[in-house]
Each structure stands twice: as structure tokens, then as C-alpha cells.
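Chain and residue survey
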Amino acid sequence: MGKGKVVLAFSGGLDTSICVPLLKEHYGYDQVITVAVDVGQPPEDMKMATDKGNKIADKHYTIDIRDKFVEEQLFASIKANGSYEGYPMGTALARPLIAEEIVKIAKKEGADTVAHGCTGKGNDQLRFDFVFRKAGLKIIAPMREMNLTREWEMDYAAKHNVPVPVVKAKPYSVDENCWSRSIEGGVLEDPSVHPDNDIYGWTVSKQDAPDTPEEITLGFEKGVPVSINGKRMKGFDLIMELNKIGGRNGVGRNDMIEDRILGLKARENYEHPAATILLAAHRDLERLVLSRQELSFKHIVDDKWSELGYMGLIDEPLYAALCAFIDKTQERVNGEVDLVLFKGSATVAGRRSPDALYSDDLVSFESHTIDQNDAVGFSAYFGFQARMKSMLENKNKKN
Ligand code: ARG
């Protein structure tokens, strides 16, 4: 009598594939149920995961949460200008929702144990484990527990008739969802190595981008994008379209050293054309409609939101409180932003909003609506204390 059922978070890659026989042979489970969650990976990857799960597991589920991912996590991230150490988070935002789907299947199947293929060095183990532990489930992470090498895994896969891609072993670890594609490992682990252009899959290089700029207009309502060039689109389609438009103009690549939650520094490469464009447009529109006080305070809130988002701690009580503040500010983030995409850059060229805290009549060099003499009194007190201090210093020097 074995240990019953275990539900495995499944991508179809080498690691999670060999988890299937390992969970039976090494860990003693009777049934392995695989779950692949669609957060906008390439359709061919999803199909591969589904086919493979159906072939090698006792039971397989593929669950499509693309719209939920966009409308819950990515919209929240746009409103919060979500970025960690300068890049728009992607993997981090998807992990908690993927984990929640695994929990649902475990409950449905009456399994008390779940498994994932994360290593003991990265962030994903923490993001997954948090959700699993909260649900009271036992967690198995063979990659973390068994210290396996790639060769051993390939060998084990062959022995157990687990299909691995016939092309030579993929040299990088890639994680994709519709918001971002991350590339790590292999030669990239030497931070001084210049990456080959072929690590990127969504974007062309600046050199290969067209010589003529491309202009687009994005519409926002309550802080979330609703249209491209006046055409209304639902979130997922809009993001995929912007990935295409941005990608062909070389927009949205990152090559950086990132501080992981555990404290390890890692070399990371990313591409995220839609995120780069949307965050540039959103930040700009906020500058038009929010007050100076709101903007400076929101900056702090956005930073904190991003830190929690990076850790995947969307159930931390502070997270809901920050979202409530952010949502309140976004009521007035309505309008349109024009951008120019050109050889790797996405530059805002114009913006307009019915909620603008801006008056060309007041600020114009040409108008007389404001009596400029009103500023004289204000100016007399401006920097008053600093002036006092230098007056005192001068006086003390003389004595
Ligand atoms: N460093 C990024 C993050 O922590 C990307 C992680 C990619 N994950 C992966 N399993 N390849 O969000």
C-alpha cells in the first residue's frame, strides 16, 4: 500500500517530467496527477505539457486562467507600476495563481500532498510553498531535496520512457507568461558573458528593428488599459498585441543582476515588450491626473506593493491595504497616451485626460488669467528657514 495521490505542478519540461516517475518510485506515491496552468505560455508549450501529462501521469489537468491572470494580477500590477529592481515582474505575479489552481485540484482529488519542480535556490519555491502551506498541504520538491544533475535526469527520463525534447538539451531555463519571458542559467550564469541574441524569443535587437518609428495610442480607464489606437480590446488580447508591436521594435529587454529573496544575486535576462510600453504610458498618465502629494506617496506604496508582489505574498494583509489605496487613486487615471516605439525605446509623445489636473490657460507663458504679482508674497517666504540659517552663519562669522 503506497501513499495515495500526489498533485504535481507540471510544465512538461525535464524537471517536472521526471518528477512523475520519481514521485512513485522514490517517494512511494500510487498516483501522480499532473496540472498544467495556462498563464499565456506559447500555445505549443501548453499543448506539449497537456499531451505529455496525459501520456505519463495517471491523470492530467490543463487549466486556462489567462483572463484571470491578466485581470487580477497584471491589471493590479499596472495600477501599481509594478517593478522590482527596475524590471516588470512576471513570473512572480503568476506563481501564486498557479499554486491556487494546484490546491483546488488537490482538494478535488482528495490528495494531501502536492509537488513542484523548483530548486532550493530560487524564488519560485517560496512563492509556491507559501500558498501550499496555507492550504495545509504536504509539499514535495524533488529537485530541492535530491540534488540531481542534468545528466542524471536525462538518464532517468530515458529509463522511464519519459519523452524529453529531441533537440539538444535546452541550454537555458526559460519561464514564460503573457507578461514576461525570463531566461537564466547556462553560460548566462557568468555575469560578464554577453548574451547571444538568440536567447530572446519575443523581441528583435535594436539593430534589427525597423528604421522608421511606429506610433501607437493607448486608452486607459481607471488605471487599466482598454484600447490600442482607439480599438477596444480585452486585457489578454491587448497585451499579446502590444508584445507583438513592441517586440518588432526591440522594446522591453533587460539584462540585470537581481537580488533574490534568499539573498543570492543572480544574472537575469528578460523580455517584456507590452509591460514596458504599458508601464511607461501608465506612469505618464498618472503624472497628468494625480496631485503632487498623491504621486510622492504612491511612489512609496508602489515600491512596497512591488516588494510583496515579487515575494508572491499577495495574502499578506498589507497587500490588500496597499491595493485599496492604489485603487482609490486609479479612479481618475483615465485618458489616452501616445507613444513612439523606435529601436528599443518606448517614448511618450503626448497625453490627454478628462481628469487632468492641468490647465494650459493657467500655466501658459501667453495668458493673463493668473496675476503674476500674487507670487511675490509667496516668494518672500519661500526658503525662509534656509535663509535664516545662512544669515545666522554670516553673523557668527563676523563675531
Ligand atoms: N528571477 C525571476 C523571478 O524570480 C524569474 C524566475 C524564473 N523562474 C524559473 N523557474 N525559470 O521572478
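Here the structure is shown first, and the text comes after it.
Residues numbered from 1 in each chain as written. Predicted model: local features only at pLDDT ≥ 70, side-chain atom pairs only at ≥ 80, totals over all residues. Heavy atoms only, no water.

1. Here we look at the packing of helix α1 (residues 14-25) against helix α7 (residues 150-159)
For the pair α1 and α7, the least separation of the axes is 10 Å and the interaxial angle reads 65 degrees. Both α1 and α7 take part in a crossing whose hand is left-handed. Facing α1, whose interface residues are L14, D15, I18, P21, L22 and E25, α7 presents R150, W152, E153, M154, Y156 and A157. When the residues that make up the contact of α1 with α7 are grouped by side-chain class, the tally is eight nonpolar, no polar and four charged. (Axes fitted to C-alpha atoms, helices over the stretch in contact; angles between N-to-C directions. Helix = DSSP H or I, 4+ residues; strand = E, 2+ residues; numbered from the N terminus. Left-handed = near helix turned anticlockwise from the far one by under 90°. Contact = heavy atoms within 4.5 Å. Nonpolar A, V, L, I, M, F, W, Y, C, P; charged D, E, K, R; others polar.)

2. So, the site of the ligand
Taken together, 15 residues form the shell around the ligand, and within it N123, D124, R127, E258 and Y270 come nearest. With respect to the ligand, the side chain of E258 contributes an N or O atom lying 3.0 Å from a nitrogen atom. Y270 has a polar side-chain atom sitting 2.9 Å from a nitrogen atom of the ligand. Elements with a minimum of two residues in the shell around the ligand: α4 (91-109), α5 (124-134), β6 (173-177), β7 (180-184) and β12 (265-271). Ranked by the residues each element gives to the shell around the ligand, the list is headed by α4, at three residues. Class assignment for the residues of the shell around the ligand results in four nonpolar, four polar and seven charged. (Near = heavy atom within 4 Å. Polar contact = N/O pair within 3.5 Å; in protein donor to acceptor, adjacent residues only side chain to side chain.)

3. Regarding the packing of aromatic side chains
Throughout the structure, instances matching the rule amount to eight aromatic pairs. Note on W152 and Y156: the rings are 4.8 Å apart at their centroids and 15 degrees apart in plane angle, and the pair reads as stacked. Of this pair, W152 and Y156 are both found in helix α7, four residues apart, which corresponds to roughly one turn of the helix. On the basis of an interplanar angle of 45 degrees and a centroid distance of 6.2 Å, the ring pair of Y381 and F384 is categorised as tilted. Among the residues examined, Y381 registers a relative accessible area of 63% and is labelled exposed. Classification of F384 as partly exposed rests on a relative accessible area of 41%. Of note, R127 hangs over the ring of Y310, and the distance from its end group to the ring centre comes to 5.1 Å. (Phe/Tyr/Trp six-rings, centres within 6.5 Å; stacked < 30°, edge-to-face > 60°. Buried < 20%, exposed > 50% of the residue type's maximum accessible area, 1.4 Å probe, protein only. Lys NZ or Arg CZ within 6 Å of the ring centre and 35° of its normal.)

4. Description of the environment of I326
With respect to the helices and strands, the residue I326 is situated in helix α11 (residues 317-330). Its relative accessible area of 3% is what places I326 among the buried residues. Distance in space between the C-alpha atoms of I326 and E294 is 9.9 Å, their sequence separation being 32 residues. In this structure I326 touches K79, A80, K298, V301, D302 and W305, once residues within four positions along its chain are discounted.

5. A few points about the pairing of β12
Taking burial as the measure, the seven residues of β12 include six buried ones, the bulk of the element. With three bridges joining them, β7 and β12 adopt antiparallel strand pairing. Along β12, the bridge assignment pairs S182 with Y270. Pairing between strand β11 (residues 253-259) and β12: seven bridges, direction antiparallel. Of the residues in β12, the one forming a bridge with R253 is E271. The hairpin formed by β11 and β12 contains five residues between the paired strands, and G263 there has a positive phi angle of roughly 110 degrees. (Pairing = 2+ DSSP bridges.)

6. Points about the nonpolar core
V7, L218, L242, L278 and W305 are the most contacted members of the largest nonpolar core, which has 76 residues in total. Ranked by the residues each element gives to this core, the list is headed by α4, at ten residues. Contact partners of V7, with chain neighbours within four places excluded, come to I33, V35, I102, I105, A106, A111, T113, V114 and A115. Core analysis: the second largest hydrophobic core is formed by 19 residues, L8, I18, V32 and A115 among them. (Core = buried A, V, L, I, M, F, W, Y, C linked by side-chain atoms within 4.5 Å.)

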